[in-house]
Amino acid sequence: MYPWLKTHWQQLLTLVRQDQLGHGLLLKGVEGIGKGELAAALAKALLCQHANVAENEQGAPCEHCHSCQLIKAGNHPDLHVITGSQRSIGVDAIRQLIQVLNESARLGHGKVAVIEQAEKMTEAAANALLKTLEEPAGEATLLLISAHPERLLPTIRSRCQQWLLPVPEPDLVLPWLAGQGLEPSLAALNVNQGSPLNTRDYLTAGTDQRRRDLLQQFVELARQPRTLTEVQSGLLEQPVHLLWLQLLLQDALQLALGLSPAGLRLSDSETLSRTLSQLGPDRLHQAQNRLLQLRQTLQSGTGRPVNAGLQLGQWLNDWLINIR
Ligand SMILES: [Zn+2]
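Residues numbered from 1 in each chain as written. Predicted model: local features only at pLDDT ≥ 70, side-chain atom pairs only at ≥ 80, totals over all residues. Heavy atoms only, no water.

The name an unreviewed UniProt entry assigns to the protein chain is DNA polymerase III subunit delta', from the organism Oceanisphaera psychrotolerans. UniProt, in its Catalytic activity (unreviewed entry) section for the protein chain, records the words "DNA(n) + a 2'-deoxyribonucleoside 5'-triphosphate = DNA(n+1) + diphosphate". (UniProt positions renumbered as here; feature names shortened; annotations may be inferred.)

Written out as structure tokens, the structure is:
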């Protein structure tokens, strides 16, 4: 289990052991925190044929029994997973699931259903699930997973035992990332909003270097305005690239206001934010506000690519005029 989930894992196992786990569980937490892995481990513990024997006081799955072997092989007849890979989870998928849960367990050890990205359930699907969440037939446990629980029907939320998995402390995540053979930094964690698994993927893909290069190019625009087009297309590549810029401007503003560099989000780019801080707080504040508005417009889904290009182009032109 991931180090930042160990406490939750132990608490959940205790509930399993004491038979106090509800029929419906909602695992909440930001993307890339390991909700799916926790749900999979919990499903294994619930279905394990040895989890409740006396010598296994932890209630952890034994990894050896027929049930654990079947889960490892990916074909346990009493484990049903609805993945969040599709655009939405419709009523048919939920009805089908309920029907299977109503049948008796093949291995006689209860049934488990996992619904990933549960917020993708349509209203009809969610309504179809309500009754089963309240009183599931045949000792079924439903594990709902969501990074956006606020989008779930309140009636779904209220029928679940809710588990919030908070964004873990960097002290737990940084050593784990280093243990994966990566070179983690607080800045890398910050641009991924503290999400350990997203940071791992980001570092593995070499995106950290891309961030530093792109932000350096941006800062050098004042001296090399002819790279404007290149900077613009770099910033447009991914929505998160504008977040990088936002964080850099925030850091620059913090320095311009004479605040301590201790809390910089991109501590590895302090040279860059220090250069920008010479523009003074007013100009930085204005640029940052307008960038925030721009990001909100583009996030709302109304900004088609061409539109995004135009809007960012306008922002960059204003920026160049501003820094002259
Ligand atoms: Zn087992």
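Engineer: What is the right way to look at the confidence of the model for the protein chain in this model?
Structural biologist: Low-confidence regions, as indicated by low pLDDT, have predicted coordinates that should not be scrutinised in detail. Scored by pLDDT, the protein chain comes out at a mean of 91, with 95% of its residues at no less than 70. Within the protein chain, helix α9 (residues 196-204) carries the highest mean pLDDT (97), whereas helix α15 (residues 305-323) carries the lowest (85). (pLDDT = per-residue confidence, 0-100. Helix = DSSP H or I, 4+ residues; strand = E, 2+ residues; numbered from the N terminus.)

Engineer: Can you walk me through helix α1 (residues 6-17) in this structure?
Structural biologist: Given 3.6 residues to a turn, an α-helix orients residues that are three or four positions apart in the same direction. In this model α1 runs 16 Å from its N-terminal to its C-terminal C-alpha over twelve residues, within 8% of the 16 Å that 1.5 Å per residue would give. Listed in full, the buried residues belonging to α1 are His8, Trp9, Leu12, Leu13, Leu15 and Val16. Seen from one end, α1 has its buried residues packed into an arc of 160°, which puts them on one side. Residues of α1 that are buried in the fold lie against β1 (24-28), α2 (35-47) and β5 (161-164). Just downstream of α1 lies Asp19, where phi reads positive at about 60°. (Expected span 1.5 Å × (residues − 1). Buried < 20%, exposed > 50% of the residue type's maximum accessible area, 1.4 Å probe, protein only. Arc of directions from axis to C-beta. Contact = heavy atoms within 4.5 Å.)

Engineer: How should I be thinking about helix α13 (residues 270-277) in this particular structure?
Structural biologist: Of all the positions in α13, only Leu272, Ser273, Leu276 and Ser277 are classed as buried. Summarising the axial view, the buried residues of α13 lie within an arc of 140°, below the 170-degree limit, and thus occupy one face.

Engineer: Would you explain the environment of Leu291 in this entry?
Structural biologist: As for its position among the elements, Leu291 is in helix α14 (residues 281-299). Of the residues examined, Leu291 reaches a relative accessible area of 0% and is grouped as buried. For the pair formed by Leu291 and Glu150, sequence separation is 141 residues and the distance between their alpha carbons is 26 Å. Apart from residues no more than four positions distant in its own chain, Leu291 is found in contact with Leu242, Leu245, Gln246, Leu249 and Trp315.

Engineer: How should I be thinking about the pairing of strand β4 (residues 140-146) in this particular structure?
Structural biologist: β4 sits mainly inside the fold: seven of its seven residues count as buried. The alternating pattern of β4 places Ala140, Leu142, Leu144 and Ser146 on one face and Thr141, Leu143 and Ile145 on the opposite face, and all of these are buried. Of the pairings in the sheet, the one linking β1 to β4 comprises five bridges and is parallel in character. Within the sheet, the bridge partner assigned to Gly24 lies in β4 and is Leu142. Sheet topology note: the strand β3 (residues 111-115)/β4 ladder contains five bridges and is parallel. (Pairing = 2+ DSSP bridges.)

Engineer: How do you make sense of the pattern of salt bridges when you look at a structure like this?
Structural biologist: Opposite charge on two side chains permits them to pair, given that their charged atoms come into close proximity. In the structure shown here, the tally under the stated rule is 14 salt bridges. In this structure, Glu237 engages Arg210 in a salt bridge whose closest nitrogen and oxygen atoms are separated by 2.9 Å. Of this pair, Glu237 sits in the loop between α11 (228-236) and α12 (239-256) while Arg210 sits in helix α10 (residues 207-219), and the two are 27 residues apart along the sequence. The exposure class assigned to Glu237 is partly exposed, which follows from its relative accessible area of 45%. Judged by relative accessible area, which is 28%, Arg210 ranks as partly exposed. The partner of Glu270 in a salt bridge is Arg274, with the nearest N and O atoms 2.9 Å apart. Taken together, the positions of Glu270 and Arg274, both in helix α13 and four residues apart, correspond to about one turn of that helix. A single salt-bridge network, built from bridges that share partners, covers Asp208, Arg211, Arg212 and Asp268. (Salt bridge = Lys/Arg side-chain N within 4 Å of Asp/Glu carboxyl O.)

Engineer: Sorry, what's going on with the side chain of Asp208 here?
Structural biologist: Its location among the elements puts Asp208 in helix α10. The residues touching Asp208, leaving out its near neighbours within four places in the chain, are Ser185, Ala188, Tyr202, Leu203 and Asp268.

Engineer: Just to check I follow, could you spell out the packing of aromatic side chains for this structure?
Structural biologist: Working definition: an aromatic ring pair is given by the centre-to-centre distance plus the angle between the planes. In total, this model carries six aromatic pairs according to the counting rule given. Measuring from centroid to centroid gives 4.9 Å for Tyr2 and Trp4, while their planes differ by 0°, and the two rings are stacked. The same class applies to Tyr2 as to Trp4, namely buried. When the ring of Trp315 is compared with that of Trp319, the centres are 5.7 Å apart and the planes differ by 5°; the resulting orientation is stacked. A residue pair is termed a helical-turn pair when its members lie 3 or 4 positions apart in one helix, as Trp315 and Trp319 do in helix α15 at four residues. For Trp315, a relative accessible area of 3% puts it in the buried group. Among the residues examined, Trp319 registers a relative accessible area of 4% and is labelled buried. (Phe/Tyr/Trp six-rings, centres within 6.5 Å; stacked < 30°, edge-to-face > 60°.)

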